[in-house]
Structures are given as structure tokens and as C-alpha cells.
Amino acid sequence: MKLYFSAGSCSTSCHIVMEESGLPYEAIMVDWDNPSDPNIALVSKLNPNGTLPVCITDEGKQLDQNLSIHAYIASKAPQKNLMPEAGTYEYAKALNWLSYVAADLHKTIGALFGVQAISQEKSVQDTVRKFMVGRSLECLRVLNAELAGKDYLMGKQFTPADAYAFVVLGWTQYLDIPLNDYKNIQAYMGRIAARPAVVKVLRAEGLV
């Protein structure tokens, strides 16, 4: 498999899950800040939306959404127990968490990176930021409560939803959203950061 990713973006979560899976893969970094990076043109051709991740399977087929890539990788490495057994409530719950991270957590926290693109007016930027921070804090409160007494979102089992949540929650350090009031999240982040696969990926992407 090949994974096209951008360091520190949501695609890092796919990189983590690939490493956790133990499957052979090639991770290819796309540097959006370097116009001469040939991978930019390639990704734009592969995915007309111009977004990452992009995963090319061993059969040459393409996936370019986090949820589908996470589910696919987990299914290819059943021995790693990255997802509960398909068809069970627990499997649906794990998908539910993946969807929550994508549709709620990512959408609210990630949107704060684009505030300046919405308007050049400071008052508009401040209004948008206040709203999006409020929404982000709501998500953080829910997540913090859900993590009480748990190692991971599914309890003892690490799933792709944890990799995805870890990456999105990590963005708060760049967005002036302190996690001091969310002790369960802080402990959760520490547990994930200590996983060998996560350490390896963060080093490979130059994030530590």
C-alpha cells in the first residue's frame, strides 16, 4: 500500500493506523508549502479535491477519506484487533466514534485554522472564532466525560478512532485551546503518544 500524507494533518492518523497494523506500506509526504514538490500535482490528479489522505491499495485502487482508509486497514490486519468483530454492536460503536471524530471534533477544531480565510475583517474573524471555539469546547467536554475510566474510546481496545482523535486533539496546541480542564483527555493523549507505533510515526513525520 501507499499512503500520501501531510505531516501533522488528519492523514497522520492513517499513517499511525498503517503502522499499528504491521502491514507493509510506503508513506509518502506531500509538502504543501513547497510548490516544487512533485507530489502536489500527483495528489491533485489522484484526488480532484486536492486533499489528503490518499491511499493506494496493493491492487492499485484508491481511497481518499479517513474513515474508509481506517476501516480498510483494520480489515486487512484482523490479527491486530484494531476494530471489533464486524456485524457486532461494538463494531458499530467503533464506527460511531470514527464518525464523531470526523463530523464533530475535526470539523469544529479544524475549522479554526481557516478563520482568516473567511474574512479580512478582524471583527468577523473574532466572531467566527468565538463561535467555533465554543463548539470545540462542547466536543471536548463530551469527549472528556466519555473517557472517564477508559484507556481508549472503546475502553481497553485501541481503534482507528483513537488515532484520529489523537491527531485532531493535538491541533489544540496551535489554536490556543488549552486542555488543562480536561484531565481525562490529557491522560488519554499521553497513553496514545506512548504507543510505539505512534512514536515511530511522529518521528518519521518530524513532529517530535
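All of the points below concern the structure found in this document. By convention here, each chain's residues receive numbers from 1 onward along its written sequence. Per-residue local features are limited, in this predicted model, to residues with pLDDT of at least 70; the limit for side-chain atom pairs, both in listing and counting, is 80 or more; totals at the level of whole chains, interfaces and linings are taken over all residues. Excluded from the side-chain calculation are hydrogens and water; included are all heavy atoms of the structure.

Attention shifts here to the overall build of the protein chain. Of regular secondary structure, the protein chain possesses 9 helices and 4 strands. Counted from the first residue to the last, the protein chain has its helices and strands arranged as β-α-β-α-β-β-α-α-α-α-α-α-α. Restricting the calculation to C-alpha atoms gives the radius of gyration, and the globule rule supplies 2.2 Å times the number of residues raised to the power 0.38. The C-alpha atoms of the protein chain give a radius of gyration of 17 Å, which matches the 17 Å a tight globule of 208 residues would have. Here the C-alpha coordinates of the protein chain stretch approximately 50 × 50 × 30 Å along the principal axes. Relative accessibility decides the category of a residue: with a 1.4 Å probe and only protein chains considered, values under 20% of the type maximum give buried, values over 50% give exposed, and everything between is partly exposed. In the protein chain, buried positions account for 47% of the 208 residues. When checking whether two residues touch, look at their non-hydrogen atoms; a contact exists if any pair is within 4.5 Å. At a minimum sequence separation of 6, the contacts of the protein chain that also span at least 24 residues come to 67%. Values of accessible area rely on a 1.4 Å probe in the Shrake-Rupley scheme; residue burial ignores everything except the protein chains shown. Taken as a whole, the protein chain presents about 10600 Å² of accessible surface, with 53% of it coming from carbon and sulfur. When charges are counted, neither His nor the chain ends are considered; positive counts come from Lys and Arg and negative counts from Asp and Glu. For charged residues, the charge sits on one atom: NZ in Lys, CZ in Arg, CG in Asp, CD in Glu. On the protein chain, the mean spot of the 19 positive side-chain charges and the mean spot of the 21 negative ones are 4 Å from each other. Helix and strand assignments follow DSSP, with helices taken as H or I runs no shorter than four residues and strands as E runs no shorter than two, numbered in order from the N terminus.

Within helix α9 (residues 196-204), burial applies to A197, V198, V201 and L202. For α9, the buried positions fall inside an angular range of 130° around the axis, keeping them on one side. Facing away from the buried side of α9 by more than 90 degrees, the exposed set consists of P196, K200, R203 and A204. Looking at the packing, one finds that the buried side of α9 touches α1 (11-21), α7 (160-170) and α8 (183-193). To be clear, the arc concerns the directions from the helix axis to the C-beta atoms.

Take the buried Ala, Val, Leu, Ile, Met, Phe, Trp, Tyr and Cys residues and link them wherever side-chain atoms come within 4.5 Å; each set so joined is a nonpolar core. Of all hydrophobic cores here, the largest spans 56 residues; its most connected members are L105, L143, L169 and I185. Mapped onto this core, the elements with two or more residues apiece are β1 (2-5), α1, α3 (66-76), α4 (89-111), α6 (122-146), α7, α8 and α9. A total of 8 residues in this core trace back to one element, the largest contributor, which is α7. Core analysis: the second largest hydrophobic core is formed by 8 residues, Y4, I28, V30 and V54 among them.

For this analysis, a salt bridge means a side-chain nitrogen from Lys or Arg found within 4 Å of a carboxyl oxygen belonging to Asp or Glu. For the structure on display, the rule yields 6 salt bridges. A salt bridge links K200 to E19; the shortest N-O distance between them is 3.3 Å. Pair noted here: K200 is in helix α9 and E19 is in helix α1, with a separation of 181 residues, a long-range link. E19 sits in the buried class, given a relative accessible area of 19%. A salt bridge links E146 to K150; the shortest N-O distance between them is 3.8 Å. A residue is classified by how much of its surface remains accessible, and K150, at 25% relative accessible area, is partly exposed.

When you line up the elements, R129 lands in helix α6. The spatial distance from the C-alpha of R129 to the C-alpha of T57 is 39 Å, given a sequence separation of 72 residues. In contact with R129, other than residues within four places in its own chain, are L112, V115, L175 and D176.

Function cannot be read off these values alone, since they describe shape.
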